[in-house]
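# Observations on the three-dimensional arrangement
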Amino acid sequence: MREPRPNRYRTGWAGDQRAEGVGRELRVAGWVHRRRDHGGLIFIDLRDRTGLLQLVFRPEENPEAHAVAHTLRSEDVISAVGQLVRREEGTVNPGLPTGEVELNVRAVEKLADAETPPFPVDEDGQLDEMLRLRHRYLDLRRERMRRNIELRHEIVAAIRSRLDPLGFLEIETPFLTRSTPEGARDFLVPSRLEPGSFFALPQSPQLFKQLLMVGGLERYYQIVRCFRDEDARADRLPEFTQLDIEMSFVEEDDVLEVAEAVTQAMLAAGGVSIELPLERVPYDEAMLRYGSDRPDRRIGMEIHDLGEVFAGSGFRVFADALASGKAVRGFAARGELTRRRFDELTEQARRLGAGGLVWAVVEEGGWRSPVAKFLSPQEMEAAARAVGAERGDAILIVADTPATTARVLGQLRLELAPAAVEGHDVFWVVDFPMLEWNEDEGRWDALHHPFTAPVGDLDSDPGTWRSRAYDIVWNGNEIGGGSIRINMPEVQERVFDALGIPPEEARERFGFLLDAFRYGAPPHGGIAFGIDRIVALCAGEDSIRDVIAFPKLASGFDPLTGAPAPVDEPQLRELGLRLAAAPGARARGEEAPAPQHPEETGTAERR
């Protein structure tokens, strides 16, 4: 780091000092990390943002400084001046970057007293998260959090340095806009000047970035805060940060090439090296082989279609499923599984929507399975060959609709994955369906968002449409997603119609976009990356809260400030609002149970 401008507090960074600086007159400033009193000598580890430097106070040389050192306690703020000297032989600390040197203190000034912290700042062990978030300003002093925040900065800096030479403009889009359906509830902001009307905080800059393309700016990016008023979900926060990119006069290859370059730069900043170009896996193949559109391929256990193996089988479960157009699929699980574990997996399969689970264990000279008597040895041997099962392996099979078999086997595959896998796997999933059927509401939903360009005969069944969408997956996590957009108003209107959005509602909500398209919209497309998720993965953190300076809980509650909080009656009157009932006294900071699905990335490109 560049040396600071010398002033009365410091002339150099504590963590930057090395042996080549020995003999230098130096002033440093920071917090008391640790204090050790060795009779006469007092040692203090001074901490600033760059790291630690050992300070030495000698009573015979500088009695006044030594007296002040006696009064110092953990987290006091000080400035100290002295000579940088080499540590004595036998006291060098090879585990510390500054471990060869120390500051022989001539004078010290206490700049601020500190009360005893509610948790140790000089340790990186496990702490109660609510306590950490309530005192986040102290948590940020810990080495782990400092590294994470610096890593976040480095990844964002890598994004800018990669996109700027490619002709992209960094442009801000509004935070106060109108409510549009993008898959989650909007955060609403009442307007004082227009009583009864509300702004909405953006779930993404999607419409504005498309308007920038209509405006002829052609290459846009933004590192932007987005907002979703959702129920608590696994590692998804109500406000999150994404990298947003949009380009004009492009096809998929153009967007993917830029996105790959940015991905490579981001991961390199996080210490991960990837080779380009990335593999492209069709959606249907991903669902068939892994039961997921964001699979972790490193764990193996690929799913195989066993329809041909069990064609004509005497086992009615398989025979009836195949006769009705359903699928029979399975995979091989490594390692010994107990009967109790098979029962647990069967129950989990039922909870996920399957009628049950068929299992068999390959043993010396035969098979162990509750349905062994219904299956011929030839069928079981063919099944073992198809899934690659060896002696001691278990074969797990589900017979149901293709969607159900994919969902169930995909989850069981994750359930049986090893605790740790090595390496990194980054690739694209492409050729998505355009729509998915919402059984609960009896309508079509956009698999990505309604502004994605469809592929296929728009006069045919919407269920047959494909889309020009693409997701980028890293070790089983979707870290970004995007698409080529619709740029013709008549096509956009057809998609709205398929989604059950009447023309009058489409005009009310999206009229400004449809009007813009009528003035000549170029072909355009883009992508959004989840910054929080990418930084967390690079840092090896399980929670995105550990890479955000001031996060909220998934419930939306902020333990630091107490937000959200009631407001005064005069403020409500000024906005023309009145509470219909007193707000409920909910328990502050309580988290909802984590749902049974993979963690989300926080990118708003996906519904």
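Residues numbered from 1 in each chain as written. Predicted model: local features only at pLDDT ≥ 70, side-chain atom pairs only at ≥ 80, totals over all residues. Heavy atoms only, no water.

### Thoughts on the packing of aromatic side chains
Scanning the entire structure with this criterion turns up eleven aromatic pairs. Geometrically, the ring pair formed by Phe451 and Phe510 is edge-to-face, given 5.5 Å between the ring centres and 75° between the ring planes. Remark: Phe510 occurs in helix α13 (residues 503–517) and Phe451 occurs in the loop between β19 (443–446) and β20 (454–455); sequence separation between them is 59 residues. Like Phe451, the residue Phe510 is buried in the burial classification. With a centroid separation of 4.9 Å and an interplanar angle of 20°, the aromatic rings of Phe496 and Phe510 are classed as stacked. On the criterion of sequence distance, the pair formed by Phe496 in helix α12 (residues 489–498) and Phe510 in helix α13 is long-range, its members being 14 residues apart. Three or more aromatic residues joined by ring pairs make a cluster, and in this case those are Phe310, Phe315, Phe318 and Phe374. We note Arg297 situated over the ring of Phe427; from NZ or CZ to the ring centre the distance is 3.9 Å. (Phe/Tyr/Trp six-rings, centres within 6.5 Å; stacked < 30°, edge-to-face > 60°. Helix = DSSP H or I, 4+ residues; strand = E, 2+ residues; numbered from the N terminus. Buried < 20%, exposed > 50% of the residue type's maximum accessible area, 1.4 Å probe, protein only. Lys NZ or Arg CZ within 6 Å of the ring centre and 35° of its normal.)

### Some words on the sheet that holds strand β11 (residues 280–282)
In space, the eight strands of this open sheet follow the order β6-β9-β10-β24-β23-β22-β17-β11, with mixed pairing throughout. Of all the strands in the sheet, just β6 (169–170) and β11 have a single pairing partner and so form its edges. In the sheet, strand β22 (residues 469–474) pairs with strand β23 (residues 477–484) via six bridges, with the strands oriented antiparallel. Paired with Tyr470 across the strands is Gly482, a residue of β23. Of the strands in this sheet, β9 (219–227), β10 (239–248) and β24 (524–530) touch helix α5 (residues 206–214), which is tilted by about 20° from β10. Together, β11 and β17 (426–430) form the strand contacts of helix α7 (residues 283–290), whose direction differs from that of β11 by roughly 75°. (Pairing = 2+ DSSP bridges. Contact = heavy atoms within 4.5 Å. Axes fitted to C-alpha atoms, helices over the stretch in contact; angles between N-to-C directions.)

### Side note on the packing of helix α4 (residues 143–163) against helix α14 (residues 531–539)
One can describe the packing of α4 onto α14 by two numbers: an axis separation of 10 Å at closest approach and a directional angle of 120°. It follows from the interaxial angle that α4 and α14 lie oblique. Once α4 is placed against α14, the crossing between them reads as right-handed. For the pair α4 and α14, the contacting residues are Asn148, Leu151, Arg152, Ile155, Val156 and Ile159 in the first and Ile531, Asp532, Val535, Cys538 and Ala539 in the second. Of the residues in the contact of α4 with α14, the class split is eight nonpolar, one polar and two charged. (Parallel < 35°, antiparallel > 145°, perpendicular 65-115°, else oblique. Left-handed = near helix turned anticlockwise from the far one by under 90°. Nonpolar A, V, L, I, M, F, W, Y, C, P; charged D, E, K, R; others polar.)

### Quick notes on the pairing of β9
The side chains of a regular strand alternate between both faces of the sheet. Across two bridges, β6 lies against β9 in parallel orientation. The partner of Leu169 across the bridge, within β9, is Tyr220. Sheet topology note: the β9/β10 ladder contains nine bridges and is antiparallel. Paired with Tyr220 across the two strands is Glu246, which belongs to β10.

### Points about the sheet that holds strand β1 (residues 25–38)
In spatial order, the strands read β1-β2-β3-β5-β4; together these five strands close into a barrel with mixed pairing. Across this sheet, the average inter-strand angle for adjacent strands is 55°, counted without regard to direction. Strand direction decides the pairing type here: strand β4 (residues 77–86) and strand β5 (residues 101–112), joined by ten bridges, are antiparallel. The residue bridging Ser79 from the neighbouring strand is Glu109, located in β5. This element, helix α1 (residues 63–71), spans β1, β2 (41–48), β3 (51–57) and β5 of the sheet and lies at about 65° to β5.

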